[in-house]
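A look at the structure
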Amino acid sequence: MQRIRRSRGWSQEELAFESGLHRTYISGIERGARNPTVTVLKELADALGVSAASLLELEQPIQSRS
């Protein structure tokens, strides 16, 4: 989410305004301190103009340990 938000040149406050959520909640999600519900995920995706699935994609693949 942070990558997409930054690619649009938006601050957390702008995303909060567009999504109807509080800025500190956006910050908590980006830091991994909060887990959004499916409803919140949809609101964020709509505000960013992307699919909810795209917000769930990992930036880097998980490396398996051998």
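You'll find the structure just up there.
Presented here is an overview of the structure given in this document. (Residues numbered from 1 in each chain as written. Predicted model: local features only at pLDDT ≥ 70, side-chain atom pairs only at ≥ 80, totals over all residues. Heavy atoms only, no water.)

Quick notes on the overall build of the chain
For the chain, the count of helices and strands is 5 helices and 0 strands. Ordered by position from N to C terminus, the α and β elements of the chain give α-α-α-α-α. Looking at the chain residue by residue over its 66 residues, the buried ones come to 33%. A fraction of 42% describes how many contacts in the chain between residues 6 or more apart in sequence connect residues 24 or more apart. Within the structure as shown, the chain displays about 4900 Å² of accessible surface, and the carbon and sulfur contribution to it stands at 48%. (Helix = DSSP H or I, 4+ residues; strand = E, 2+ residues; numbered from the N terminus. Buried < 20%, exposed > 50% of the residue type's maximum accessible area, 1.4 Å probe, protein only. Contact = heavy atoms within 4.5 Å. Areas by Shrake-Rupley, 256 points an atom, 1.4 Å probe, with all protein chains shown as cover.)

Some remarks on the pattern of salt bridges
Under the criterion given, the structure shown has 2 salt bridges. Here Asp-46 makes a salt bridge to Lys-42, at a shortest N to O gap of 2.7 Å. Of this pair, Asp-46 and Lys-42 both sit in helix 4 (residues 38-48), 4 residues apart, roughly one helical turn. (Salt bridge = Lys/Arg side-chain N within 4 Å of Asp/Glu carboxyl O.)

What to know about the nonpolar core
Grouped together as the largest cluster of nonpolar side chains are 15 residues, with contacts concentrated most on Met-1, Leu-15, Ile-26, Leu-44 and Leu-55. Within the residue set of this core, elements represented by two or more residues are helix 2 (12-19), helix 3 (23-31) and helix 4. The dominant element in this core, judged by the number of residues it contributes, is helix 4, at 6 residues. Filtering out sequence-adjacent residues up to four positions away, Leu-15 remains in contact with Met-1, Arg-5, Trp-10, Ile-26, Leu-44, Ala-47 and Leu-48. (Core = buried A, V, L, I, M, F, W, Y, C linked by side-chain atoms within 4.5 Å.)

Regarding the packing of helix 2 against helix 3
As a packed pair, helix 2 and helix 3 sit with axes 8 Å apart at the nearest point and diverge in direction by 110°. Taken together, helix 2 and helix 3 sit at an angle that is classed as roughly perpendicular. With respect to the hand of their crossing, helix 2 and helix 3 are arranged in right-handed fashion. Here Gln-12, Glu-13, Leu-15, Ala-16 and Ser-19 of helix 2 lie close against helix 3, whose contacting residues are Arg-23, Ile-26, Ser-27 and Glu-30. Residues belonging to the contact of helix 2 with helix 3 are distributed by class as follows: 3 nonpolar, 3 polar and 3 charged. (Axes fitted to C-alpha atoms, helices over the stretch in contact; angles between N-to-C directions. Parallel < 35°, antiparallel > 145°, perpendicular 65-115°, else oblique. Left-handed = near helix turned anticlockwise from the far one by under 90°. Nonpolar A, V, L, I, M, F, W, Y, C, P; charged D, E, K, R; others polar.)

In short, geometric facts, not functional conclusions.
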